[in-house]
Amino acid sequence: MALLLKLHCILCLVGLVLSQDMPYEEYMAQIQACPKECRCPPNFPRAVYCDNKGLTKIPKIPPHTWYLYLQNNLIEALSADSLQNATQLRWLNLNRNKITSEGVEEGILSTMTHLVHLYMDDNLLSSVPSPLPASLEHLRLSRNRISKIPAGVFVGLDKLNLLDLQGNKLMDDAVTEVSLKGLSNLVQINLAKNQLNSMPLGLPPTTTQLFLDGNNIDKIPAGYFKGLPRVAFLRLNHNKLGSGGVPKNVFNVSSILDLQLSHNQLTEVPLIPSGLEHLHLDHNKIKSVSGSNVCPVSVDDADESVNESAPRLRYLRLDGNEIKPPIPRDVILCFRLLRSIVI
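What counts, and at which threshold
Counting of residues starts from 1 at the beginning of each chain's written sequence and follows it residue by residue. Predicted model: local features are reported for residues with pLDDT of at least 70 only, side-chain atom pairs are reported and counted for 80 or more only, and whole-chain, interface and lining totals are derived from all residues. In computing side-chain properties, one takes all heavy atoms of the structure into account and sets aside hydrogens as well as water. Put simply, DSSP H or I for four residues or longer makes a helix, DSSP E for two residues or longer makes a strand, and each gets a number counted from the N terminus. The buried label goes to any residue with under 20% of its type's maximum accessible area, the exposed label to any with over 50%, and the partly exposed label to all in between, with areas taken from a 1.4 Å probe on protein chains only. The contact rule is simple, with two residues in contact once any of their heavy atoms fall within 4.5 Å. Residue-level accessible areas treat just the shown protein chains as cover; the underlying method is Shrake-Rupley with a 1.4 Å probe. Distance and chemistry together define a polar contact, namely a pair of N or O atoms within 3.5 Å, with one atom able to donate a hydrogen and the other to accept it when in protein, and with adjacent residues in sequence counting only for side-chain atoms on both sides. Put simply, a disulfide is two cysteine sulfurs that come within 2.5 Å. By definition here, a salt bridge exists when the distance from a side-chain nitrogen of Lys or Arg to a carboxyl oxygen of Asp or Glu is within 4 Å. Aromatic rings from Phe, Tyr and Trp, taking only the six-membered ring of Trp, are treated as a pair when their centres fall within 6.5 Å; an angle between ring planes under 30 degrees marks them as stacked, one over 60 as edge-to-face, and anything in between as tilted. Either the NZ atom of lysine or the CZ atom of arginine qualifies as a charge over a ring when it sits within 6 Å of the ring centre and within 35 degrees of the ring normal. UniProt positions are given in the numbering used here, feature names are shortened, and annotations may be inferred rather than shown by experiment.

Caption draft 1: Highlighting the overall build of the protein chain. The helix and strand tally for the protein chain stands at four helices and 13 strands. Each principal axis of the C-alpha atoms in the protein chain carries an extent, and together these give about 85 × 50 × 35 Å. In the protein chain, which comprises 343 residues, the share counted as buried stands at 48%. Intrachain contacts of the protein chain at a sequence separation of at least 6 include 49% that bridge at least 24 residues. Of the accessible surface of the protein chain, which amounts to about 16400 Å², a share of 52% is contributed by carbon and sulfur atoms.

Next up, the structure:
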């Protein structure tokens, strides 16, 4: 009976390993090499959990690790010695440690040729790490002390589609066409809560989501979005935009679906493009709104049942301004798909 039970356990283990698409020899080597400070679940053998352990350095990682969780520790450096087996990593989470740019050994990240997700939020980095692996798709570096993007750091990163740099110390001269060169497939870039005084230059034309909240931007150059034909989600909340710094047709881009301009210094509602669905204008200095000034088409043409180019606006937020209800009738007639107005 004991023999049968042992045989059953072995068969279950073999089945588990096969289900993980991992050879048995690799499975055993992985489990046996698990650092004593970490947790290596037998049912998820390619993952190593070393988070929330008070670690000051990275323990030696098992050779077949794909997912490595090191967040919420006191780690100060990334060394080749501790990560020499990490060449198969797909996912590396180093959030909330004490890693400095000087502590990142040169070339250590580029050896991880399969790495797809790199998370280093809430550390002490002063520069974007370099060089980075060409396999990278998501790079999160928010809430560091980054003031520099080395020229050419993104060259060759054709797969990178998400770049999060919010909450750093980037100024206008750090975010340029030269520093962003190579981001040929970028979809989302987050530059919120930096020290930008103007709209960033050199953003790739593939950019779909652009987050610039919490900077000191006071104007948008005319035609700025002609270089961003795919931008759909644009956030400029908590800046210093006045109506004089926003050209009348600057947002007249067919791709924009969600536009957020809350907590600025606007005195007028900008011209609303027909395709826009969500508009946030709360907490500005707007005193009035009228259909004749903001409607992208004549009110007579705004009936969606007869005109495919009719305005698509569904959500409009105007609270925190100097506008007094009710909303003028011509605004309602223009935006017939409106389902919610906050005033």
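Caption draft 2: Just the side chain of Asn239, in detail. Along the polypeptide, Asn239 turns up in the loop between β9 (233–235) and β10 (258–260). A polar atom in the side chain of Asn239 sits 3.0 Å from the backbone nitrogen of Ile217. A distance of 3.1 Å separates a polar side-chain atom of Asn239 from the backbone oxygen of Leu236. Leave out the neighbours within four places in its chain, and Asn239 touches Leu212, Asp213, Gly214, Asn215, Asn216, Ile217, His263 and Asn264.

Caption draft 3: Structural detail: the state of the cysteines. Inspection of every chain in the model, using the stated rule, returns three disulfides. A sulfur-sulfur separation of 2.0 Å characterises the disulfide bridge that pairs Cys295 with Cys334. Handedness of the Cys295-Cys334 disulfide follows from its S-S torsion of about 90°: it is right-handed. Placement of Cys295 in the loop between α3 (291–294) and β12 (315–317) and of Cys334 in helix α4 (residues 329–334) is noted, with a sequence separation of 39 residues between them. An identical accessibility class is assigned to Cys295 and Cys334; each is buried. By sequence order of its bonded cysteines, the protein chain has the disulfide arrangement 1-3, 2-4, 5-6.

Caption draft 4: Fine view of the pattern of salt bridges. Within the structure shown, the criterion is met by six salt bridges. Between Glu37 and Lys36 there is a salt bridge; the shortest N-O distance is 3.7 Å. When its relative accessible area of 29% is taken as the criterion, Glu37 is described as partly exposed. What makes Lys36 exposed here is its relative accessible area of 78%. Here Arg140 makes a salt bridge to Asp164, at a shortest N to O gap of 3.5 Å. Here Asp164 lies in strand β6 (residues 162–164) and Arg140 lies in strand β5 (residues 138–140), a separation of 24 residues in the sequence. Since its relative accessible area comes to 24%, Arg140 is described here as partly exposed.

Caption draft 5: Inspection of unusual backbone geometry at higher detail. For the peptide bond that leads from Ser130 to Pro131, omega is -5°, which places it in the cis range. Within the secondary structure, Pro131 is located in the loop between β4 (117–119) and β5. Each neighbour pair has its own omega, and for Pro325 with Pro326 the value is 5°, a cis peptide bond. Tracing the chain through its elements places Pro326 in the loop between β12 and α4. In this model, Arg96 sits at a positive phi of 55°, which is unusual for a non-glycine residue. Take Arg96: it is sitting in the loop between β3 (91–93) and β4. Among the residues examined, Arg96 registers a relative accessible area of 39% and is labelled partly exposed. Even without being a glycine, His283 presents a positive backbone phi close to 60°.

Caption draft 6: Representation of the packing of aromatic side chains. For the coordinates displayed, the defined rule picks out six aromatic pairs. Measuring from ring centre to ring centre gives 4.7 Å for Tyr49 and Tyr69, while their planes differ by 5°; the resulting arrangement is stacked. Placement of the pair is Tyr49 in strand β1 (residues 47–49) and Tyr69 in strand β2 (residues 67–69), with a sequence separation of 20 residues. The residues Tyr49 and Tyr69 share a single accessibility class, namely buried. Above the ring of Tyr49, the side-chain terminus of Arg39 is found at 4.7 Å from the ring centroid. Stacked on the ring of Trp66, the Lys or Arg Arg90 has its end atom at 3.9 Å from the ring centre.

Caption draft 7: Broad picture of the UniProt feature "domain: LRRNT" (unreviewed entry) in the protein chain. Residues given the UniProt feature "domain: LRRNT" (unreviewed entry) here are residues 33–67. Its end C-alpha atoms 15 Å apart, residues 33–67 is made of 0% helix and 11% strand.

Caption draft 8: Structural context of the side chain of His117. As for its placement among the helices and strands, His117 is situated in strand β4. On the basis of relative accessibility, which here comes to 15%, the residue His117 falls in the buried class. Within the structure, His117 has its side chain in polar contact with the side chain of His138 (distance 3.4 Å). Look past the residues within four positions of His117 in its chain and what remains in contact with it is Arg90, Trp91, Leu92, Leu136 and His138.

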